Amino acid sequence: MSRSIHRRTFLTGAAATALAVAAPRAAAATGRRISTAFTLPDDRAYPEGIALDPRTGDAYVGSFTTGAVYRATAGSRAARVFLPAGTDGRTTANGLKADRAGRLWVIDHTAGIDVYDLRDRSLLARFEVPQGEARFLNDLVITADGTVYATDSVRPVVYRVTPADLTRAHGGRAPLTAHFDLSGSVPPHAPDAFTLNGIAADPTGHLLFVVDMTGGGLYRVDVRDGSVRQVALHGGDLTHGDGLVLSHRTLWAAHNATNTLTRWHLSPDGTTAHLARTLTDPALQIPTTLAHDHHGLLVVRSQFDKGGPMGPGTPTPPFTVARVTGM
């Protein structure tokens, strides 16, 4: 996430103070609980993305500032370095996902997507955005058939990597090109504003849901015909919406600058969503994305406002991933 954008969108001091006073009582009153799931080893990690290995339950977290990837084995209270900072020339790691074939997909927002074998940590392929194109790759999702879709936050496009693309690129490099263009649906924003961010898919893999973090809208993309439709949101919006996670018809969103998580109920056709729950608490420490398992939510605490991409200051060690229940 860009430094200039986050400084512009971050809360004023008065607003942050108000949240700090009011939110913990609201969380306690509703039975929602925020605790620490596990710690990260680097005091300058500034984590951004998270992935759960569907085979093992291990969690992988990427560092926005160094490109390192950390792994916390299932049930562990501390993560360890899985891919060191600067691995394969990568200096940032934001969006992450693990697939059922034992591969880890890692976004370098300035370059493209790296694909690793989780068994031996070898680089299987690198998908690169053509040079000269403005880009800020942000998040990705893996659908039921193994196709990967990724968002761009400075261009309203969604990239696609199919299993056939991965086979052809195996062991080498391949171009990453835009597959869906949402410019006709997403409202225009200022040149320095972020647009698309989090992305999720329905269980069939036929529908994608993409958030516009500046406009606060949610967009449904039908991968079968490429049609794009804005989802009608009832009860709120998705301003500052970052990571998304979808389970059946329940959609959770992390709203980074406002230290908020929301839960939405999608209609069967994905054309409407009703706000079901909201949790705002400074203990979320600028949540960038989240994952869902049978224990609840794992939420990345980025601390981007403390010396990271959102402003000056000093982070509070250690960097952590939160466990949130009751959402």
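As the structure is a prediction and not an experimental result, all values here were calculated from the model.

Strand order in the open sheet formed by 4 strands is β1-β25-β24-β23, and the pairing between neighbours is antiparallel. Strands with a single pairing partner mark the edges of an open sheet, and in this sheet they are β1 (33-39) and β23 (287-293). Neighbour-to-neighbour, the strand axes of the sheet open up by a mean angle of 30°, direction not taken into account. Sheet topology note: the β23/strand β24 (residues 296-301) ladder contains 5 bridges and is antiparallel. The residue bridging D293 from the neighbouring strand is G296, located in β24.

This brings us to the nonpolar core. Within the largest apolar cluster, 25 residues are counted, with the highest numbers of intra-cluster contacts made by F38, L40 and I50. Elements represented by at least two residues in this core include exactly β1, β3 (59-63), β4 (69-72) and β24. In this structure L40 touches P47, V61, Y70, A79, P318 and F319, once residues within four positions along its chain are discounted. Ranked by size, the runner-up nonpolar core spans 19 residues in total, among them V115, L124, L140 and A150.

A few words now on the side chain of D99. You can see D99 is positioned in the loop between β6 (96-98) and β7 (103-108). The buried category is assigned to D99, whose relative accessible area is 7%. At 2.8 Å, the side chain of D99 and the side chain of R103 are in polar contact. Here W105 takes part through its side chain, which lies 3.0 Å from a polar atom of the side chain of D99. When neighbours within four sequence positions are excluded, D99 is seen to be in contact with P54, W105 and I142.

Looking at the secondary structure, you find R121 in the loop between β8 (112-117) and β9 (123-128). Using a relative accessible area of 38% as the deciding quantity, one classes R121 as partly exposed. Setting aside its immediate chain neighbours within four residues, R121 contacts R71, V81, F82, L83 and Y116. A distance of 2.9 Å separates the side chain of R121 from the backbone oxygen of F82, its partner in a polar contact.

Right, let's get into the pattern of salt bridges. Scanning the entire structure with this criterion turns up 10 salt bridges. We note a salt bridge from R55 to D53, for which the minimum N-O separation is 2.8 Å. Take R55: its relative accessible area is 44%, and that puts it in the partly exposed class. With a relative accessible area of 3%, D53 lands in the buried category. Put simply, D293 and R323 hold a salt bridge, and the shortest N to O gap is 2.8 Å. Here R323 lies in strand β25 (residues 320-325) and D293 lies in strand β23, a separation of 30 residues in the sequence. For the pair D293 and R323, a shared accessibility class is recorded, and that class is buried. Via salt bridges that share partners, R90, D114 and R126 belong to a single interconnected network.

Now for unusual backbone geometry. Of note, the amide linkage connecting P317 to P318 takes the cis form, showing an omega dihedral of -5°. Tracing the backbone shows P318 in the loop between β24 and β25. Despite not being glycine, Y46 shows a phi value in the positive range, around 40°.

Let's shift gears to the sheet that holds β6. With mixed pairing, the 5 strands of this open sheet are ordered in space as β6-β7-β8-β9-β13. The outermost strands of the open sheet, each flanked by one partner alone, are β6 and β13 (173-175). Going across the sheet, the axis of each strand differs from the next one's by a mean of 20°, ignoring polarity. Where β6 and β7 come together, 3 bridges link them in antiparallel fashion. The partner of A98 across the bridge, within β7, is L104.

What follows is about the pairing of strand β17 (residues 218-222). With 5 of 5 residues buried, β17 lies mostly within the body of the structure. Of the two faces of β17, the one holding L218, R220 and D222 and the one holding Y219 and V221 are both buried throughout. What sits between strand β16 (residues 207-212) and β17 in their antiparallel hairpin is a turn of 5 residues, with G216 showing a positive phi close to 85°. Relative to strand β18 (residues 228-234), β17 runs antiparallel, the two sharing 4 bridges.

Before going further, it helps to examine the packing of aromatic side chains. Under the definition given, this model contains 7 aromatic pairs. A ring pair is formed by Y60 and F82, whose centres lie 5.2 Å apart and whose planes are at 75°; its orientation type is edge-to-face. Linking Y60 in strand β3 with F82 in strand β5 (residues 80-83), this pair joins segments that are 22 residues apart in sequence. Relative accessible area serves as the criterion here: at 1%, Y60 is assigned to the buried category. For F82, a relative accessible area of 3% translates into the label buried. Site record: aromatic cluster; members linked through ring pairs are Y46, F64, F304 and F319.

So, how was this worked out
- Residues numbered from 1 in each chain as written.
- Predicted model: local features only at pLDDT ≥ 70, side-chain atom pairs only at ≥ 80, totals over all residues.
- Heavy atoms only, no water.
- Pairing = 2+ DSSP bridges.
- Helix = DSSP H or I, 4+ residues; strand = E, 2+ residues; numbered from the N terminus.
- Axes fitted to C-alpha atoms, helices over the stretch in contact; angles between N-to-C directions.
- Core = buried A, V, L, I, M, F, W, Y, C linked by side-chain atoms within 4.5 Å.
- Buried < 20%, exposed > 50% of the residue type's maximum accessible area, 1.4 Å probe, protein only.
- Contact = heavy atoms within 4.5 Å.
- Polar contact = N/O pair within 3.5 Å; in protein donor to acceptor, adjacent residues only side chain to side chain.
- Salt bridge = Lys/Arg side-chain N within 4 Å of Asp/Glu carboxyl O.
- Phe/Tyr/Trp six-rings, centres within 6.5 Å; stacked < 30°, edge-to-face > 60°.

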